[in-house]
Amino acid sequence: MRRVLAAFKIALRALFRNKTRAFLTMLGIICGVAAVITTVSLGQGAKAQIEAQIASLGQNVIQVGSGSVTRGGIHTGWGSAGTLTIEDAEAIQREIPGVVGVSPEVRTSGQVAAGNANWFTQVLGESADYFSIRQWPVALGEPFTEQDVRSVNKVAVIGATVADQLYPGEDPIGKVIRIRNAPFIVVGVLASKGFNMFGQDQDDVVVIPYTSAMKRLLGQTSLRSIIVQAAGPEIIALTQQQITELLRQRHRITPDRDDDFTVRTQQEIAERATEASETMRNLLAGVAAVSLIVGGIGIMNIMLVSVTERTREIGIRMAVGARGRDVMLQFLIEAVTLSAIGGALGILAGVGASKWLTYSQGWPTATPLGWILISVCCSAVVGILFGFYPARKASQLDPIEALRYE
Amino acid sequence: METNAVIRLEDIHKVYQTGEVEVHAVRGVSLEIRRGEFVAIMGASGSGKSTLMNIIGCLDRSTRGRYLLDGTDVSELDRDELADIRNQKIGFVFQGFNLLSRTTALENAELPMLYTHRRLSGREQREHALKALELVGLAKRAHHHPNQLSGGQQQRVAIARALVNDPALLLADEPTGNLDSQTSIEIMGVFQRLNDQGITIVMVTHELDIAHYTKRNVIMRDGRIVQDVQVEKRLKADEELERLRREQQAVQLAP
C-alpha cells in the first residue's frame, strides 16, 4: 500500500513536470468524454421534449385514421381514404364502454382574414370533446359547445399565433374571422402550446365544429380521422381492439381482407417518434466513443514516448531497488491519472457545452447521471488499457541496458 | 572468518550470447572481500571488470558459480528478489552520477527509501536523506537541483543516495571518470572518510593514481584476476589536496 502511495506521488510529480504535454494528452480524453456527454445530453433532452409533446396530445388517446398503411399491398396515406364517417364516430361513442371522449376530425388549410389582416393557417374541424381530450384550455373566451356542433354554428376557437396575426393588440372575442371567405365568430382563444417535435407551431391553428367544417368549408361527408379518449391507460389496448372489431364489422370487411382504417395509440406514436431520435443519438454517441478511443491511443503514444525518454530514470530506479512492479505501477498510475483527470474535465466540458447549447440555441438538454458514470468508467478503462502496454514495457527493461541508455 | 566476508565469489563465469557469437566475459573469478575493505577493481576495457561489477551489484546474474553477499546466496534469486537486495544491501555510485534531473538533491537522496520495506514516515525519510547529505558535506545544497550543482557536488549527492539505506556495500563504477583531477581527489577523500567509518567500498577504475587511494587493488585481464595486492604507498586525499593547494599558490606567487 505504501509503495502504491509512493508510486502515486512519483506519477503526479512526473505529470506536473510536463504540464503542457500532460494537458495536450488529456485533451484527447477531454474531447471524447465531452462529446459523449454533449451528444447524449442533447439526445436525452430531445427525447424528453418529444415525450412531453406526446403527452400534450392528451392522455390515453387513440387515433383512428381512415385508410390503412398497407391495403392490398398498396400504400395509402393517413386520412386520405374517406372510409370513416360520422356514424362510425357515433358508434364508437355509443357501443364501446371505456370511451370517455370522441372527436371526429377533418382538416384543411387556407386563408383566414379579419379586417385588413390575413393569415394562412390550418383549420381543424373537431367536436367539443377535442379541448378536453387534448387537455387544451382556452385562455380567453369559451370553447364551442356540443350545441354549436349540432347546430352547425359558424363559431371558431383560434390559436394564439392566429390571434396575434389577425387581432394584434385587440380582444378577438366576438370578432368576425373569415375562413376561406366564410364568416365565423371567434368565441375563444386557445392557451399557447408552442412548437411540437417537428418544429410546427401548434398555436397556428383555427378549431371549428367538425359539422361546420364539413358542410360549410369542405362539402365532404367522410372524416379524416377520429380521436378517441379511453378512460384509463389499462384499457387502451382493449379499446383499440374493440374499435378495430367494431369498424371492421361496420365496414363489412371479411376476415381475408385488410382494414381500411388504422388505429394507433399514443404509445405507438411516441415510440415511432422517439425511435428516430434514439437512433440518431446512439449514432452520435458511437462517433463520440470512437473519439474517446482515439484519445486513449493518444495517451498510449505519449506514455510510450515517456517510457523511452525516461529509460535512464527507470534504470536508476531499478538500480536502487525498484521492482518491475513498482515501475509498472508508476507508469500505469500516470496513464490512469491522465485519463481520469481528462475524464473529469471532459464531464465538466460536456455538461458546460450542453448548458451553453440550451442557453444560446434553446436546444433542450438533459444530462443523465448514468452516462456520466459510464464515461468516467470508460476513461478509467481507457487509461488502464492503453497505459498497460507502455507500463509493462517499462517494467521489463533490463536495469543495465536502461542505465547505459543515452 | 566466513561471517566477516561481505562478498564471496566462487568460480564466477559469465557468458553473453550476442547473435551467434558467445562472449566469455568472466572466466572463473573467485574473490573474497571483507568488511571494512576498500578495493579497486582495475583492468583495461574488455577485461571483464564491468561485467563483474554488475554481478557484484546484483544487476546481473552469473552464468555459473556461487555468489554470497553479506551471507546471502544471491546467485539463484529472481528479478524482484535481486531488486530488494540492491535496495537493502548495496549503494551504487555511477560514472555519470545518474541523478534524477528536475528533482532536488534531497529528493534524489530519498529515492531508495521509496522502495524499502521498512516503514518510514515522510519526515523520517527526509531526516535520513539530510543526514546522508551531511555525511558528504552537502546539507546546505539539499534543495538544489542537479543542474545547479557542480560535477563533484552531483557525485556527492549520488554517494548520499547510495548511503541512505545503510548498505553493507558501496559500489562505485568509475566514480571519478567524469571529474577533473582535483575534484576526483575530493571524491576519493569522501570515500576514504566513509571507509574510515567502517563502510566497505568496491570501485571499478582504470586510473592508476585513483586506485592508489584504496587499500587493495584487484587487476583483471581477459575475464580473470591476474593480480590481487594490498596498496603499499596509500595516498591520503587530504594530504594530496593540501599539496595541490600549495603548488597552486607557488605558481601564483611566482612572477
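Residues numbered from 1 in each chain as written. Chains lettered and ligands numbered in written order. Predicted model: local features only at pLDDT ≥ 70, side-chain atom pairs only at ≥ 80, totals over all residues. Heavy atoms only, no water.

## What to know about the overall build of chain B
Cut-off, in case you're wondering: A run of H or I in DSSP counts as a helix once it spans at least four residues, and a run of E counts as a strand once it spans at least two, with each numbered from the N terminus. Radius of gyration means the value over C-alpha atoms here, while the globule rule gives 2.2 Å times the residue count to the 0.38 power. Buried residues are those whose accessible area, probed at 1.4 Å on protein chains only, stays under 20% of the maximum for their type, while exposed residues exceed 50% and partly exposed ones sit between those limits. Residue contacts follow a heavy-atom distance rule, with two residues in contact if any of their heavy atoms lie within 4.5 Å. Working definition of accessibility: Shrake-Rupley area with a 1.4 Å probe, residue cover restricted to the visible protein chains.
Across its full length, chain B holds 8 helices and 10 strands. Taking 2.2 N^0.38 as the reference for a compact globule, 255 residues should give roughly 18 Å; the C-alpha atoms of chain B span a radius of gyration of 19 Å, in line with that estimate. Counting only C-alpha atoms and orienting by the principal axes, one finds that chain B spans roughly 60 × 50 × 40 Å. Looking at chain B as a whole, 52% of its 255 residues qualify as buried. The long-range share in chain B, meaning contacts at least 24 apart out of those at least 6 apart in sequence, stands at 69%. Split by element, the accessible area of chain B, about 12300 Å² in all, is 46% carbon and sulfur.

## A short note on the interface of chain B and chain A
How big an interface is tends to be stated in terms of accessible area lost as the parts join. Here is the rule: Two parts placed together each lose some accessible area; with a 1.4 Å probe, that loss summed over both constitutes the buried area. Salt bridges are identified by distance alone: a Lys or Arg side-chain nitrogen within 4 Å of an Asp or Glu carboxyl oxygen. Pairs of N or O atoms within 3.5 Å make up the polar contacts considered here, provided that, within protein, one atom can donate a hydrogen while the other can accept it, and that residues adjacent in sequence are counted only when both atoms are side-chain atoms. Only Asp, Glu, Lys and Arg are considered charged, only Ala, Val, Leu, Ile, Met, Phe, Trp, Tyr, Cys and Pro nonpolar, and every remaining residue, Gly among them, polar.
Across the contact, 30 residues belong to chain B and 28 residues belong to chain A. Where chain B abuts chain A, roughly 2400 Å² becomes buried across the two surfaces, and 51% of that area is made up of carbon and sulfur atoms. Three residues stand out in chain B for area buried against chain A, namely R79, L114 and Y115 of chain B, and they jointly supply 26% of the buried area on that side. Inspection of the chain B/chain A interface yields 2 salt bridges. Salt-bridge contacts for E107 of chain B lead to R13 of chain A; the nearest nitrogen and oxygen are separated by 3.6 Å. Between the two partners, chain B and chain A, sit 7 residue pairs in polar contact (both at pLDDT 80 or more). Residues of the side of chain B that touches chain A, tallied by class, amount to 12 nonpolar, 8 polar and 10 charged.

## Quick word on the domain arrangement of chain A
Under the convention used in this document: Boundaries of every domain are those given by an automatic assignment or by a domain database.
Domain boundaries in chain A define domain 1 (2-53 + 275-404) and domain 2 (84-250). The centre of domain 1 of chain A, based on its C-alpha atoms, is set 56 Å off from the matching centre of domain 2 of chain A.

## What about the sheet that holds strand β2 (residues 21-34) of chain B?
Residues and elements named next belong to chain B. To keep it simple, the criterion reads: For two strands to be treated as a pair, DSSP must find no fewer than two bridges joining them. Here, axes are lines fitted to C-alpha atoms. For helices the fit covers the stretch in contact, and angles between N-to-C directions go from 0 to 180 degrees.
Ordered in space as β2-β1-β4-β5, the 4 strands form an open sheet in which the pairing is antiparallel. Single-partner strands in this sheet number two, and they are β2 and β5 (72-73). Note: strand β4 (residues 64-69) against β5, 2 bridges, orientation antiparallel. In the strand pairing of β5, L69 is matched with T72. Of the strands in this sheet, β1 (5-18), β2 and β4 are in contact with helix α1 (residues 49-56), which crosses β1 at around 120°.

## A few points about the sheet that holds strand β3 (residues 38-42) of chain B
All names here are of chain B. A sheet is described by the order of its strands in space; here 6 strands give the open sequence β6-β7-β8-β3-β9-β10, paired in mixed fashion. Looking along the sheet, the strands with just one partner apiece sit at the ends: β6 (90-93) and β10 (224-230). Each adjacent strand pair in this sheet contributes to an overall mean axis angle of 20°, direction not counted. Relative to β6, helix α2 (residues 79-89) is tilted by about 80°, and along the sheet it contacts β6 and β7 (169-173).

## Brief notes about the pairing of strand β13 (residues 225-230) of chain A
All names here are of chain A. Among the 6 residues in β13, 6 count as buried, and that is most of the element. Here β13 shows two buried faces, one formed by S225, I227 and Q229 and the other by I226, V228 and A230. Across 5 bridges, the pairing between strand β1 (residues 61-66) and β13 is antiparallel. Along β13, the bridge assignment pairs G65 with S225. As judged from the 6 bridges shared by strand β5 (residues 99-114) and β13, these two strands associate in the antiparallel manner. By the bridge assignment for β13, V102 is matched with V228.

## Let's talk about the packing of aromatic side chains
Stated formally: Any two of the Phe, Tyr and Trp rings considered here, Trp counted by its six-membered ring, make a pair once their centres fall within 6.5 Å; the pair's planes then place it as stacked at under 30 degrees, edge-to-face at over 60, or tilted in between.
If you walk through the whole model with that rule in mind, you get 4 aromatic pairs over all chains. With a centroid separation of 5.8 Å and 75° between ring planes, the pair formed by Y130 of chain A and F131 of chain A is classed as edge-to-face. Comparing Y130 of chain A with F131 of chain A, the two get one shared label, buried. Measuring from centroid to centroid gives 5.6 Å for F92 of chain B and F94 of chain B, while their planes differ by 5°, and the two rings are stacked. Here the two residues F92 of chain B and F94 of chain B agree in accessibility, since each one is buried. Cluster of aromatic residues (ring-pair linked, three or more members): Y130, F131 and F144 of chain A.

## Here we look at the pattern of salt bridges
A side chain with one charge can pair with a side chain of the opposite charge if their charged atoms come near. This structure, assessed with the given rule, holds 28 salt bridges over all chains. As a salt-bridge pair, R248 of chain A and D259 of chain A come within 2.3 Å of each other at their nearest N and O atoms. Of this pair, R248 of chain A sits in helix α8 (residues 236-250) while D259 of chain A sits in the loop between α8 and β14 (261-265); the two residues are 11 residues apart in sequence, bridging distant segments of the chain. Between R243 of chain B and E240 of chain B there is a salt bridge, with the nearest N and O atoms lying 2.6 Å from each other. Of the two residues, R243 of chain B and E240 of chain B are both situated in helix α8 (residues 237-253); the distance of 3 residues between them amounts to about one turn of the helix. A relative accessible area of 14% places E240 of chain B in the buried class. One continuous salt-bridge network, built from bridges that share partners, spans R8, E10, E32, R34, R66 and D73 of chain B.

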